[in-house]
Every structure is written in C-alpha cells, then in structure tokens.
Amino acid sequence: MAKALNVGMIGYGFMARAHSNAWRRVANFFPEVEHRPALKAVAARSEDKVRAFAEVWGYESVETDWQRLVARDDIDLVDICVPNHMHKQIALAAAAAGKWITCEKPLAMSTAEGEEMVSAVERAGVPNMVWYNYRRVPAITLAKQLIDEGRIGRPYHYRAQFLQDWTIAPDVPQGGAALWRLDVHAAGSGVTGDLLAHNIDTAMWLNGPIVRVMAETETFVKERLHQETGKVEPVGIDDACMVMARFANGSLGLFESTRYARGHKALKTLELNGEAGSVSFDLHDDQWLSFFEYHTPAGQKIDSHTTGWRKIHVTNFEHPYMDHWWVPGLTIGYEHTFVHTVADFLKGVESGTPAEPTFKTALQTQRVCDAILKSAKSGQWAETGVA
Ligand code: SOE
C-alpha cells in the first residue's frame, strides 16, 4: 500500500540537487518501497533562487525561512542540505516538530554538536539518517559483502584517498554560496569534514571502529578574499590531511585527503588487504571492484597459476542494487548512490531496522574526524573514543 511522504528540502545547492533527484526517482526504480515521496516545499533565503530551484525540480511551494518550512503540518520529512554550521539548529527544530530527518554529511561541526543532535532525534523517536552516499556505490557494497562472507580473512591494512585540486589557485575566494566549504565558520573544518569523513564512514563500515589516529594537516593558502565580508581574511580550514590509524580489529589504516592534488578532480580510492584476500576500488572506475583471492573462506588455496587480481564488473542482477536498474553490462553512476540511499532509508523505516548511517553512527565518524584535527594540532596520537 503506497504511503504519502511529503519532503521539505532546505537548501538549493549541489547536494539539494542530488537529493531531490533521488526523492523523485526512488519510486520508479524501487517500486517495492511503500512510501511515495512528494516534493512538497523547498526553503532558502533568496526568493529568486529558491523559486528557480523549485521550478526545475518540481517542488510544489517555497519558503524563504527554513523555520516556516519546519513548522508546516504538511511536511513529513526535513532534508538538510545547507552548510554545516546550520545542521544542528535545523535538526533540533525538526526533531522537536516530530519530522523525519535526513542530513547531508558531515553530521555536525563537532562531536559536541553531534551529540546534541543524536539526543534530539532519539528523544523525539524520529527516523534519521546522514547521507554518506558512497557506501551505496554497488562495487563498494559488494566489497562489504565479500568482507562479511570472510573472503578477505583477517584484515591487515586499510588505505583510502580522496584527492581533488579545485582550491589550488589563491584567488579562489572563501565563504558564501558554493564556496562556504572554504570558510571555517560555515564548514567547521576543511577536507577532514568534507572528503576524509566519507572515507572514514566507509572504512568503519567495512573494517570496524577506528580507535586511535595520528594526523598532519596543512593549509597551503593562508589568506583568501571572503565573499561575504569583501575582506581578505585568514583561512581557517585544513587544505590537506594525512592520517595514520589503528582499527579495533588490529589492522592499520592510512588515509590521505587534499584539494591540492593537481590533476585530480575526485580520485577516491580504497583498499583492504587481508590474510585470505584483498579488495580495491577507484571511483574513476566505479563499475569495477578488484578482488584478489589467495584462499577461500574454507581454506582452499587458489591454484598458483590462476592466482591474480580479478576485476569484477559490478553490473549483474545478483550485484547490490543492480537488479533495480538496467540489464547486465549497462552501467549506473554517482546520482544513483543517492537513489539507493533513499530506498534503503525508506525500507529501513518500513521494516523497523533503520538504514545506516543513522545520526548515532555518523557521530562516530565525527568523533574520528575531531580526533584527527586534535592530533594534527598536538602532534600526538589521539584516542577517538569510538569502540
Ligand atoms: C566537495 O568538493 C565535494 O562536493 C563534497 O562536499 C562531497 O561530499 C563529495 O562527495 C565530493 O566533493
């Protein structure tokens, strides 16, 4: 039985587009989901911009004050797609109003803020989720399946990169629409919260809790023009971050994130090496998962003359999510990870087993990110407090 679900979007930027597309398409490709999202209202301060956004994406109405959207009786779910410094106040208001909440990553500006948000949604008992979309790239979900099947065996090494180059030029300003990610007051941190957080979320999903970190960060361009104040101001974000980590399962982790890797637009990789095998993924080849099998979970060794890396084209019906799209061999991409996220979120509400990551789970990623920034500042190893 179809159930109506009125979505209220807050924000109109890049992520609001990705999420709106997902809300619109989920019923077409995941018809077994009972809820039927309707794009009821979108809120943003600029009336011209929010009206233009509503027209393109088919929102029924607009608000120029997010508080009015949250207060509306005809809104069931609030989707938070605004800069990080506004996540907490919106989430707290939405929880108090009994709305379901989905929030763009990272959860918050800090662990302390994230804790308040977790308490608020738990007190209100409302469904909640954070959009760490890369978990739902089918090849990454397949990696999780292989790990859970014991195909990697005892894990030794996890490594991941997220490399971009779009902020190298010193005349890129900070602050304001699109460039708030460079303003520490709006973003909280730089690549740590923006890029590394994705890799930490995926790493802990695949390989368990990260308990300790040692990090180094750098801000290569120290001052930038601020778009809102019109003044040249110090840059407070980290431009690059490297991390050594220890997982609770005894394996070692290495992470690198930067916006200064000339030539790389979104080089996002991960690799896990275990006793029985390895998995490796590169977002540039997001249809493929590389798998090296040394022996089966039952201990049967693969013949030495056929041992080698296997490249799995993750497009068969039996691969995660792929039976909902086209026919084997035909591919999907970035925007589909958001459709998968919505489908899982709604199925989680319908089944009573919430889809991950909930606010509570995303708070663990926040703790690791905070420990990383603490370690970079002190030059010492930092405990994450994640168990
Ligand atoms: C930043 O450039 C950014 O858009 C992040 O904010 C996203 O979370 C990431 O998926 C791609 O890069």
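None of these values were measured; they are calculated from a predicted model.

Caption draft 1: Representation of the nonpolar core within the structure. Residues Ile-10, Val-42, Ile-101, Ala-143 and Ile-372 are the most contacted members of the largest nonpolar core, which totals 105 residues. The residue makeup of this core includes at least three contributed by each of domain 1 (3-133) and domain 2 (134-383). When near neighbours in sequence (up to four residues on either side) are disregarded, Ala-143 contacts Leu-206, Val-279, Phe-281 and Leu-289. Residues Trp-180, Leu-182, Ala-187 and Ile-237 belong to the second largest nonpolar core, which totals 7 residues.

Caption draft 2: Local environment of the site of the ligand. Neighbouring residues of the ligand: Gln-164, Asp-194, His-198 and Ala-266. Of the residues in the shell around the ligand, the class split is 1 nonpolar, 2 polar and 1 charged.

Caption draft 3: Representation of the pairing of strand S4 (residues 77-80). Here S4 shows two buried faces, one formed by Leu-77 and Asp-79 and the other by Val-78 and Ile-80. For strand S1 (residues 3-10) and S4, the ladder comprises 4 bridges, and the chain directions are parallel. Bridging from a neighbouring strand, Gly-8 pairs with Val-78 of S4. Pairing between S4 and strand S5 (residues 100-104): 4 bridges, direction parallel. By the bridge assignment for S5, Asp-79 is matched with Thr-102.

Caption draft 4: Quick peek at the packing of helix H4 (residues 87-96) against helix H5 (residues 111-124). Running from N to C, H4 and H5 point in directions that differ by 10°, and their axes come no closer than 9 Å. Taken together, H4 and H5 sit at an angle that is classed as roughly parallel. Only Glu-113, Glu-116, Met-117, Ala-120, Val-121 and Ala-124 of H5 make contact with H4, whose side of the interface consists of Lys-88, Ala-91, Leu-92, Ala-95 and Ala-96. Residue composition of the contact of H4 with H5, by class: 8 nonpolar, no polar and 3 charged.

Caption draft 5: Looking closely at the sheet that holds S5. With respect to topology, 6 strands assemble into an open sheet ordered S3-S2-S1-S4-S5-S6, the strand pairing being parallel. A strand with exactly one partner marks an edge of an open sheet, and here the two such strands are strand S3 (61-63) and strand S6 (128-131). Recorded for the sheet is a direction-independent mean angle of 25° between the axes of neighbouring strands. Taken together, the 4 bridges between S5 and S6 define a ladder with parallel strand orientation. Looking at the pairing, Cys-103 lines up with Val-130 of S6. Sitting on the sheet, helix H1 (residues 14-29) is in contact with S1, strand S2 (35-43), S4, S5 and S6, with an inclination near 150° to S2.

Caption draft 6: Here's a closer look at unusual backbone geometry. Each neighbour pair has its own omega, and for Lys-105 with Pro-106 the value is -10°, a cis peptide bond. Position of Pro-106 among the secondary structure elements: in the loop between S5 and H5. Across the junction of Glu-356 and Pro-357, the peptide omega takes the value -5°, indicating a cis bond. You can see Pro-357 is positioned in the loop between helix H9 (334-351) and helix H10 (359-378). Backbone geometry places Ala-178, a non-glycine residue, at a positive phi of 70°. Assessed through the 11 C-beta atoms surrounding it within 10 Å, Ala-178 is described here as exposed. Backbone geometry places Tyr-321, a non-glycine residue, at a positive phi of 70°. Among the secondary structure elements, Tyr-321 is positioned in the loop between strand S16 (309-313) and H9.

Calculation rules
The numbers attached to residues start from 1 for each chain and follow its sequence in the written order. It should be noted that, the model being predicted, local features are given only for residues of pLDDT at least 70 and side-chain atom pairs only at 80 or more, the latter also being counted only at that level, while totals for whole chains, interfaces and linings use all residues. For the purposes of this analysis, a nonpolar core is taken to be any set of buried Ala, Val, Leu, Ile, Met, Phe, Trp, Tyr and Cys residues that are connected through C-beta atoms within 7 Å. Put simply, a residue is buried when 20 or more other C-beta atoms lie within 10 Å of its own C-beta and exposed when 12 or fewer do; between those, it is partly exposed, and each C-beta is set from the backbone. An automatic or database domain assignment supplies the start and end points of every domain. Whether two residues are in contact depends on their C-beta atoms, placed from the backbone: they are in contact if these lie within 7 Å. Whether a residue is near a molecule or strand depends on its C-beta atom, placed from the backbone, lying within 6 Å of it. Under the convention adopted here, Pro, Cys and the residues Ala, Val, Leu, Ile, Met, Phe, Trp and Tyr are nonpolar, Asp, Glu, Lys and Arg are charged, and Gly plus all remaining residues are polar. Numbering of helices and strands starts at the N terminus; helices are DSSP runs of H or I of at least 4 residues and strands are runs of E of at least 2. When DSSP locates at least two bridges between a pair of strands, those strands are taken to pair. For every element, the axis is a line fit to its C-alpha atoms; helices are fit only across the contacting stretch, and the angle between N-to-C directions ranges from 0 to 180 degrees. Throughout, the term roughly parallel applies to angles under 35 degrees, roughly antiparallel to angles over 145, roughly perpendicular to angles from 65 to 115, and oblique to all others.

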